[in-house]
Structures are given as structure tokens and as C-alpha cells.
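Fold and contact review
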Amino acid sequence: MAAPKQPTEVRQQEIAQAALKIIAAHGMKGLRVSAVADRVGLVPSGIYRHYRSKNALIDAVLDFIRARLAANALDVAQMEGDTATRLHALLMKQVDLISENESIPQVIFSQEVYTGHPERRAKLLGIIQGFLAKVAGIVAEGQQAGDVRREIDPAVVALMFLGLFQPPTLLWHLQGGSFDVQKQAEAAWAIFHRAIRSERSSTDVLQKKGGA
């Protein structure tokens, strides 16, 4: 049965997610317009109206990753609570993103993205740098609020934050999904939080525990 008509933006997101599922099951070599069409419930010409080639589908996947990262960062930026609350929420959103789209590491380190395509590699770099800038902005706000140590560089903290989930997700991918990314992320978060929180924030925690 043919898929019901969808707004262009929604359809393009469905196509990108279908492409990720196919990559997870069959690798980058298995990514074909006809396979994506079958998964979405369209004829190939329906996919070609949005993306005219496999290369265009790969670009669509990168655009999907960019959009999800930006949406996650925006969600936590608008949350109430201190910096730790927002950063922890962002970390869990990143873990969920990888868990729901297990082929993302495969895409990022693929020959079609990482090697032989300088314009696509530059696009990926821009995605990562944009995410790091948003994290650094949250950290800087925390410094102004007094719950993050003022002497540390927000850009360095942002890169450390990336390390809370990127290496574990790579291990998860290499081990066929058996590595517990969430458990590792939570354990790493506890160390990360202790390293960045201000003395005032630490005192507040102790007072809350003492008054409990």
C-alpha cells in the first residue's frame, strides 16, 4: 500500500531515517534509492522527487543528523534548571539519538563521508563544530550563573562533553550493540560533573544532602 501524502519536510525526514535503517542492516553499499523507496512505501520516482541519487541521500542523512543535534541543543537550552541539569539532559538525548539510529557512527566514518569527499567532510566538520559551539554556550551561561567553574575554557569543556558519548557509541557499534552506552555515559557524567562544577554548586549539593 502506498504511503499517504506527507508535507515535504516530513517526507524528507522519513527518507533520511529509512536510509539510516538500510545502512544499519546492509552497510553503505546497500543504500539504494529503490531500497529506500520500499521502506518508505513509495515508488522510486517518489524518492527522486526529493533526492536524485545515492549521494543526495547521504547528504540528506547528514542534514538529518545536523537537525537532530540542533533540536536537542535547543531543547535543553530552553529547559529550566542549572547547567548540570541541562547538560545531563543533552547527554541522554545524544545517547538516545545513537540508540535509535545505530548506523550514525557507520555513516560518519564511511568512505563516502570521511574520505574522498572533501566537501562532505567539511559539512560533517561544520555539524560537529556547530554542536560544540552550542555546548560551549551552555557552559558559558553556567559560568555566568555561578554553577560552573569560571577558570575553565567552555570550548575545552564542550570537547570533553563530546567524549562522554562519542567513544562509547563507537564501541557499541563495533561490538554489535552489546556495549552499554547509557551505563558508561552515566558513569562518565559523574566524573565530568565533579570536574566542572563550581565550589558554590558543590556546597549547595552538600547542604541539600545534609538537610535531607
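From a predicted model like this one, the values you see are computed outputs, not experimental measurements. (Residues numbered from 1 in each chain as written. Predicted model: local features only at pLDDT ≥ 70, side-chain atom pairs only at ≥ 80, totals over all residues. Heavy atoms only, no water.)

**Some thoughts on the nonpolar core**
Ranked by internal contacts, the top residues of the largest apolar core, which has 62 residues, are Val 36, Leu 87 and Phe 161. Those elements that provide at least two residues to this core are helix H1 (8-26), helix H2 (33-40), helix H4 (54-77), helix H5 (83-100), helix H6 (104-108), helix H8 (118-145), helix H9 (154-174) and helix H10 (181-196). Once you skip the residues sitting within four places of it in the chain, Val 36 turns out to touch Ile 15, Ala 18, Ala 19, Ile 22, Leu 31, Ile 47 and Leu 57. (Core = buried A, V, L, I, M, F, W, Y, C linked by side-chain atoms within 4.5 Å. Buried < 20%, exposed > 50% of the residue type's maximum accessible area, 1.4 Å probe, protein only. Helix = DSSP H or I, 4+ residues; strand = E, 2+ residues; numbered from the N terminus. Contact = heavy atoms within 4.5 Å.)

**A closer look at the packing of H5 against H9**
Where H5 meets H9, the closest approach of the two axes is 10 Å, and the angle between their N-to-C directions is 20°. Judged on the interaxial angle alone, H9 and H5 are roughly parallel. Along this stretch, H5 crosses H9, giving a crossing that reads as right-handed. The segment H5 lies against H9, with Leu 87, Leu 90, Leu 91, Gln 94, Val 95, Ile 98 and Ser 99 engaging Phe 161, Leu 164, Phe 165, Thr 169 and Trp 172. In terms of residue class, the contact of H5 with H9 is built from nine nonpolar, three polar and no charged. (Axes fitted to C-alpha atoms, helices over the stretch in contact; angles between N-to-C directions. Parallel < 35°, antiparallel > 145°, perpendicular 65-115°, else oblique. Left-handed = near helix turned anticlockwise from the far one by under 90°. Nonpolar A, V, L, I, M, F, W, Y, C, P; charged D, E, K, R; others polar.)

**Observations concerning the confidence of the model for the protein**
Looking at the protein as a whole, its pLDDT mean stands at 88, while 92% of the residues score no less than 70. Highest mean pLDDT in the protein belongs to H10 (96); lowest belongs to helix H11 (residues 199-211) (53). (pLDDT = per-residue confidence, 0-100.)

**Some thoughts on the pattern of salt bridges**
Scanning the model with the defined rule gives seven salt bridges in all. Between Arg 11 and Glu 14 there is a salt bridge; the shortest N-O distance is 2.6 Å. Taken together, the positions of Arg 11 and Glu 14, both in helix H1 and three residues apart, correspond to about one turn of that helix. Given the relative accessible area of 5%, Arg 11 is considered buried. Using a relative accessible area of 27% as the deciding quantity, one classes Glu 14 as partly exposed. Between Arg 120 and Asp 59 there is a salt bridge, with the nearest N and O atoms lying 3.0 Å from each other. Taken together, the residues Arg 120 in helix H8 and Asp 59 in helix H4 connect sequence positions 61 residues apart. On the basis of relative accessibility, which here comes to 4%, the residue Arg 120 falls in the buried class. Classification of Asp 59 by relative accessible area gives partly exposed; the value is 25%. (Salt bridge = Lys/Arg side-chain N within 4 Å of Asp/Glu carboxyl O.)

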